[in-house]
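Structural overview
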Amino acid sequence: MANTGGRIMDGGDLMRYAEYTPKTQARSDAEIDRRLGGTLIAVGLGVAAAGFAGRYAFQLWKPLGQVFSETVKKMPTSAFSSYYKGGFEQKMSKREASLVLGISPVSTKAKVREAHRRIMVLNHPDKGGSPYLAAKINEAKDLLDKETRR
């Protein structure tokens, strides 16, 4: 098998190399070192600039962070919760009934019944739910059904 300028002579058949060889001139080691050195210097300067900018930002934001954390501590925790804080009232009001069912106080009878059914499926005592919560859910439905005439 003879190698002649990019072709292999094998028993009279011509075969080409599978890999691609570029036709550019090879760069000298000095040019490669120069370009690599310039790239490394640019990367190093970028990292140093990011470090100094981060340090400056931390020094600048430290007092603002303290003010922010003090403001957050002063806010009531219920402001971040979507749940109703507090227990049940002695006599259920229309507002409390609508909170129990998760609907508007001026909802239609169809919406009241649909919300009652959806919540009772999740909280039914036969399925492991609380009998007290089931009674409150039923009381809320009865109150809203009685007050809603639609």
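Residues numbered from 1 in each chain as written. Predicted model: local features only at pLDDT ≥ 70, side-chain atom pairs only at ≥ 80, totals over all residues. Heavy atoms only, no water.

The next subject is the overall build of the protein. When helices and strands are tallied, the protein shows four helices and three strands. Reading the helices (α) and strands (β) of the protein from amino to carboxyl end gives β-β-β-α-α-α-α. Evaluated residue by residue, the protein yields a buried proportion of 15% over its 150 residues. With the model as given, the accessible surface of the protein reaches about 12,500 Å², and the carbon-plus-sulfur share is 59%. (Helix = DSSP H or I, 4+ residues; strand = E, 2+ residues; numbered from the N terminus. Buried < 20%, exposed > 50% of the residue type's maximum accessible area, 1.4 Å probe, protein only. Areas by Shrake-Rupley, 256 points an atom, 1.4 Å probe, with all protein chains shown as cover.)

With that out of the way, let us pick up the pattern of salt bridges. Applying the stated rule across the entire model yields three salt bridges. The residue E114 makes a salt bridge to R118 at a minimum N-O spacing of 3.9 Å. Taken as a pair, E114 and R118 lie in helix α3 (residues 109-123) at a separation of four residues, close to a single helical turn. Between E139 and K136 there is a salt bridge whose closest N-O contact spans 3.5 Å. Of this pair, E139 and K136 both sit in helix α4 (residues 131-147), three residues apart, which is roughly one turn of that helix. Residue E139 is classed as partly exposed on the basis of its relative accessible area, which comes to 31%. (Salt bridge = Lys/Arg side-chain N within 4 Å of Asp/Glu carboxyl O.)

Nonpolar side chains collect at one region of the surface, where Y56, L60, W61 and L64 lie side by side and expose about 480 Å² of accessible area between them. Looking at the element boundaries, L64 is found in helix α1 (residues 29-74). By relative accessible area, which is 45% here, L64 ends up partly exposed. (Patch = residues over 30% accessible without salt bridge, like charges linked within 9 Å, V, L, I, M, F, W, Y side chains within 5 Å.)

Looking now at the nonpolar core. One finds A97, L101, I103 and L144 to be the most contacted residues of the largest nonpolar core, which totals 13 residues. Those elements that place two or more of their residues in this core are α2 (94-101), α3 and α4. Broken down by element, this core gets its largest block of residues, five residues, from α4. (Core = buried A, V, L, I, M, F, W, Y, C linked by side-chain atoms within 4.5 Å.)

One way to put it is that α3 packs onto α4 with a least axis distance of 10 Å and a crossing angle of 175 degrees. Considering the angle they form, α3 stands roughly antiparallel to α4. Listed contacts from α4 to K109, V112, R113, H116, I119, M120 and N123 of α3 are A134, I137, N138, K141, L144 and D145. A class-by-class count of the residues in the contact of α3 with α4 yields six nonpolar, three polar and four charged. (Axes fitted to C-alpha atoms, helices over the stretch in contact; angles between N-to-C directions. Parallel < 35°, antiparallel > 145°, perpendicular 65-115°, else oblique. Contact = heavy atoms within 4.5 Å. Nonpolar A, V, L, I, M, F, W, Y, C, P; charged D, E, K, R; others polar.)

In this section: the packing of α2 against α4. Axis angle and axis distance: for two packed helices, these are the angle between their axes and the distance between the axes, and together they describe the pair. At a minimum axis distance of 9 Å, the contact between α2 and α4 shows a crossing angle of 125 degrees. Of the possible angle classes, the one that applies to α2 and α4 is oblique. α2 and α4 meet at a crossing whose hand is left-handed. In this structure, α2 uses K94, A97, S98, V100 and L101 to contact α4, whose residues at the interface are K136, I137, A140, K141, L143, L144 and E147. Here the residues of the contact of α2 with α4 are counted per class, giving seven nonpolar, one polar and four charged. (Left-handed = near helix turned anticlockwise from the far one by under 90°.)

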